[in-house]
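Residue-level listing of the chains:
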Amino acid sequence: MSAIGRLLRRVPRVAWLCALVALANGLAWSLIVPPFEVPDENAHYAYVQQVAERGTLPRQVAPEGSLSPAEDQILSALLTFGVVGHRDNPAPDTQVQQQVIDRIAKQNLTALGSGDALTATANPPLYYALQAIPFKLTPSGKVLDKLQAMRGLSALMGALTVLLVFMFLRELLPGSSWAWPTGALVVAFQPMFGFMSGGVNNDDLLYLMSAGVLWALARGFRRGLTPANGALIGAFLGVGLISKLTLLGFIPAVALAVAVLARRTWAEDRRATARGVAWAAGLSLGPIAIYLLLNHLVWNRTAIPGGVGAATAAPGRVFSTAEELSHIWQLFLPRLWMRPQFSSYPLWETWFKGLVGRFGWVDYDFPAWVYQVARAIGLLVCALAVAELWRARKALRRRLGELAVYALAIVGLCVEIGVESYRSLVTNQGVFEQARYLLPLLCLYAAIAALAVRFGGRRWGPALGALLVVLAIGHDLFAQAITISRYYA
Amino acid sequence: MRLTPVRVVLAVGLLAIAVAAVVVLLQQEPRRAGTNLTADRGYVLALPPGQQLCEPGELLPGDTGALRLDASAGGLPGPRLSATLSAPGGPVSAGQIGGGWHAGLIVIPVRRVAQTRSAATVCVRNLGSHQVLFGGSAPDSSFFISIAGRPVSGRLRIEYLRPGRESWLALVPNLAHRFSLAKSDLVRHWAAAAALLLMLLAVGLATRAMLNEERSP
């Protein structure tokens, strides 16, 4: 039996059950949300279309080019931009509109466009290369059929994400097997995650790879930096970086983790430790290095298009490092003495309310009372998790290095989002930040739930876990109900 | 079967969700038949007293029993308004709202329109003695309406309501039909049932996972 086969056999049955839950939920979301109503789905579809039809990556076309006659006509027939951003406008709801869609689908319009993929153009290609498989395998040439098949692959990525979340909890809290499914299921029913898993967006592969990185790190802390564990860390980070550059935010945490782990095992086995470090570094940097080279030599794109580096400020705006630092701080934390950068309080408005649920192209959400209830529940769960950490403080002291790594992963991701947010503000006065950008931290979200459950002990913990899972189910179903009401009622 | 805390929590919790779902499904409200997908950017269209506003190119959904408009009479009680709906074959429906309404969303009941009609024209006449402002989009480069016989670049936002008040439960067949539109041919005829079954499966598997782990050390 292969190594992968042995590894898969070691995955507990209940972990597969949790992954199946996420798959079913993601597929349900993929059927509920109308086509192109997941953020930037038109752009991500265009990228896949470019990869599948022309075998090249998209490039910026000025002025903004057409996506392709096939896609543009369907977007128009779906009245997409009359629905996106207008919460009172439902999806097409008459047979007459369906006839227009059918007529366009029968025209066999070309899927070759200008080569522009709008906001997705600058992204690395891995997710799109994978999505080119269902795109090509879909027998009909119809845009909507291909999109649905691609959504299926995204749902599968969501399921694998939950599997890795489960495996992360297994490494993090090895003595509390009854807490693992709670954390994994709370993620599987997280409505924002379900909504994204049901759409075509490279965030889906980012979530999978982020969960993989955190699982590999937890595994390294529990089992040591063996060459295999080093390779696992490096592979997830490396592949993650060519899925979406947001994962750059995890690099400081991974570097710290590898340093801490290497220091631990250096004295015992220098050779194995060095190999572990080499695998981690090589596999982390290899894919992104190849991507940069191909960008330069083959695809004729800038080194990291739209990723890092200089951007031109809009007229009347200048980049200021002090303002950027203040912007990043205020994006996540209370303002203190600084000059206001936001008209609202992003921690509450953008992150908390967004994670509880703000769907579509950020154009519909829950009734206001839901966020108040969620805050009370969230605070209670966090309090239980903190109480559990306090109760286990002796063990925690021995794992401070590991805790610091997870904290640095949060900080790194927030800084990365903050930098992008500031760039967007200065270059085009745009609002970049959306709650879904925090979903690479799903493992830590699950860990909070699992720690809270652990506080209940072996006697009450499982019941507390069941309560959290029921709340998550209710939350998810409610989110689907407002989605049905938004688009179909 | 032994009654454990996990089983009790799961049973009570899932029952509570089911009860909440039934309560929501039974709530009776006016329900939408469709909209004209026009953004309401404020009171941008003025209709003088005694004049008529006509909006061509409307897709009039079947089962329309009323028009919902955003209107204001500038702080005064709203005047009487009449609405006429016509399609290429001739008049389709008409109705009116009495005076005294307040600014905001107003509903003009009309005779039920059975079938969806394309290229319909909706006209609203101000039967009062002072101006009424309507919510919509103006100027709007893609559309022209006529106000007092003169063309105006813009569009009135119209929501078409079904007759009376209905529960979600009564609307389920319509929702299932709408669910089948504008989707991939691979899924559209069974998407609603599949979404329901997938969620039942998800809840069932989650319950099983929690019960399994209850027994673990």
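Residues numbered from 1 in each chain as written. Chains lettered and ligands numbered in written order. Predicted model: local features only at pLDDT ≥ 70, side-chain atom pairs only at ≥ 80, totals over all residues.

Caption draft 1: Examining the pairing of strand S10 (residues 132–137) of chain B more closely. Residues and elements named next belong to chain B. Inspection of the sheet shows strand S3 (residues 43–47) paired to S10 by four bridges, in the antiparallel sense. In the strand pairing of S10, Ala 46 is matched with Leu 133. Where S10 meets strand S13 (residues 155–156), two bridges bridge the pair, whose relative direction is antiparallel. Bridge pairing in S13 links Ser 137 to Arg 155. (Pairing = 2+ DSSP bridges. Helix = DSSP H or I, 4+ residues; strand = E, 2+ residues; numbered from the N terminus.)

Caption draft 2: Here's a closer look at unusual backbone geometry. For the bond from Ala138(B) to Pro139(B), the omega torsion is -5 degrees, close enough to zero to count as cis. Along the polypeptide, Pro139(B) turns up in the loop between S10 and strand S11 (144–147). Its identity is not glycine, yet Asn300(A) carries a phi of approximately 55 degrees, on the positive side. The exposure class of Asn300(A) is exposed, given the 10 C-beta atoms found within 10 Å. With a phi close to 55 degrees, Ala182(B) is a non-glycine residue in the positive phi region. Inspection of the secondary structure puts Ala182(B) in the loop between helix H2 (168–179) and helix H3 (191–214). (Buried ≥ 20, exposed ≤ 12 C-beta atoms within 10 Å, placed from the backbone.)

Caption draft 3: Focus on the nonpolar core. Residues Cys18(A), Val165(A) and Leu169(A) are the most contacted members of the largest nonpolar core, which totals 169 residues. The element that contributes the greatest number of residues to this core is helix H8 (residues 143–172) of chain A, accounting for 18 residues. Leave out the neighbours within four places in its chain, and Cys18(A) touches Val162(A), Phe166(A), Pro181(A), Ala184(A), Leu185(A), Ala188(A) and Ala209(B). Within the second largest apolar cluster, 31 residues are counted, among which are Ala33(B), Leu85(B), Val122(B) and Val132(B). (Core = buried A, V, L, I, M, F, W, Y, C linked by C-beta atoms within 7 Å. Contact = placed C-beta atoms within 7 Å.)

Caption draft 4: How the structure looks around the interface of chain B and chain A. On the side of chain A, 52 residues touch chain B, which itself brings 45 residues to the contact. Of all the secondary-structure elements, those providing two or more residues to the side of chain B that touches chain A are helix H1 (5–26), strand S2 (32–35), H2 and H3 of chain B. When residues in the side of chain B that touches chain A are grouped by element, the largest group, 16 residues, is from H3(B). Of the residues in the side of chain B that touches chain A, the class split is 29 nonpolar, eight polar and eight charged. (Nonpolar A, V, L, I, M, F, W, Y, C, P; charged D, E, K, R; others polar.)

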